[in-house]
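Observations on chain architecture
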Amino acid sequence: MKTVLAVEPGYRDARAAVARVDSGGDVISCTFMDLAPGSGILENVRREANVAPDVVVIPGGAYLPCPPGSHLISEKMVNEALMVASWHPRNRLTVETFQYCSEIGIPGIAAEPMSSCYLQHPALISGTPWYKRAGFFYAMPQRCVWEKVRATKGLPGDVGGITVYLGEEVAVSSHQGGAILDSSDPVFGEGPFGLTSVGTLPATAFVSYLESLGDRDQFRQNLKEGSGVYAYSGVNDMAGLEAALDEGQDAAVRAVKAMAYQVAKEIGRQVASLSGNVGAIGLCGPAARLSLLTQGIRQRVSKWAPVEIVLDSTVEYLILEGSRLIAARDSLLRPLWER
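All of the points below concern the structure found in this document.

1. A short note on the sheet that holds strand β3 (residues 27–35)
Overall, mixed pairing links the six strands, which are arranged β3-β2-β1-β4-β6-β5 in an open sheet. Two strands bound the open sheet, and with one partner strand each, they are β3 and β5 (70–72). The average angle at which neighbouring strand axes cross in this sheet is 20 degrees, direction not considered. Bridge count for strand β2 (residues 14–21) against β3 is eight bridges, and the pairing is antiparallel. Considered in β3, the bridge of Ala17 is made with Phe32. Strand contacts of helix α3 (residues 89–104): β1 (2–8), β4 (55–59) and β6 (108–111), with the helix running at about 170 degrees to β4, the strand carrying the most contacts.

2. Regarding the nonpolar core
If you look at the biggest cluster of nonpolar residues, it comprises 41 residues, and the most contacted ones within it are Val4, Val57 and Val187. Where this core is concerned, the elements lending two or more residues are β1, β2, β4, α2 (75–85), β6, α4 (139–153) and α11 (314–327). The biggest single contributor to this core is α11, with six residues. Among all residues touching Val187, those that are not within four sequence positions of it are Ala62, Ala85, Trp87, His88, Met114, Phe136, Glu169 and Lys224.

3. Brief notes about the pairing of β6
In β6, alternate side chains face the same way, and those of Gly108 and Ala110 on one face and Ile109 and Ala111 on the other are all buried. Where β4 and β6 come together, four bridges link them in parallel fashion. Residue pairing in the sheet places Val56 in a bridge with Gly108 of β6. Examined bridge by bridge, β5 and β6 share three bridges and lie antiparallel to one another. Within the sheet, the bridge partner assigned to His71 lies in β6 and is Ala110.

4. Brief notes about unusual backbone geometry
Backbone torsion omega between His121 and Pro122 reads 10 degrees, so that peptide bond is classified as cis. Following the sequence through the fold, Pro122 ends up in the loop between β6 and α4. Following Met140, the chain continues to Pro141 via a peptide bond in cis, the omega torsion being 25 degrees. Along the chain, Pro141 falls in helix α4. One non-glycine residue, Glu112, adopts positive backbone phi at about 50 degrees. Here Glu112 lies in the loop between β6 and α4. Of note, the phi angle at Ser275 is positive, near 55 degrees, even though the residue is not glycine.

Thresholds applied
Residues numbered from 1 in each chain as written. Predicted model: local features only at pLDDT ≥ 70, side-chain atom pairs only at ≥ 80, totals over all residues. Heavy atoms only, no water. Pairing = 2+ DSSP bridges. Helix = DSSP H or I, 4+ residues; strand = E, 2+ residues; numbered from the N terminus. Axes fitted to C-alpha atoms, helices over the stretch in contact; angles between N-to-C directions. Contact = heavy atoms within 4.5 Å. Core = buried A, V, L, I, M, F, W, Y, C linked by side-chain atoms within 4.5 Å. Buried < 20%, exposed > 50% of the residue type's maximum accessible area, 1.4 Å probe, protein only.

Given below as structure tokens:
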């Protein structure tokens, strides 16, 4: 019997699960929990669950371009996490997981890094030669969601489709079979706004705001944790937002409708990247359970393709990946961080 610890970090909260898995990879039991964000997440989970993990699985962060799949967290990956976006929750957890797993001698796995998307020309072109678009997206769970939607709809393997991650940040991505053609960039603020984060801002207004604020750390925190639907609605978490929507509070309703509008517009951009050949559109992430949001998106984009809502959590996918690695008897737990 092995124990898998899976953790999904966020700006406002973190979600975790501890699963007991037999040698064949079958999950015998699983305990889910919500945690405060910040450092020490893994130790807090271990202490609360009162169990020592055999493997830690996290969703991969924003590193340098890399292959899709699961990767053993290495020192090189940690260095890339610190260099590319040290402030992002997934990158912070990458560093913590490496330190934690190295200390107790167990493997730490990063599943489907956000940087496992090789954009091709013209998607790499940003509009200025000094910046090349990175192609970050919420690969975990968006790849899993696309495979599930494709199988559910009985779509051929090479069909085009779109997935949308709706959470603190938003990512809208176009798939062609198993490849990613294009994606909005949630890490560096491109695309629709999310629950707590800003989306694309007018460039000159953005620069003016940065100059007026002065404190860059505070500026980044405003963009990632103090913007989006929560800021417009005056709430602090999903429970508060759901309560505001149930009460019909105008600020919350208007904010969610505006998010749906922005997401629908970004889906239209991805439809163009697929030349209009879209088999299905999959919506996922914590905010996908907001009917006002998903209905607003569906109303604007369903003429292009059927819209499927997948409410599976990222933590559930991480547990499945951890159980798969255990069933492979550690044959996959090897350094894959080669360029």
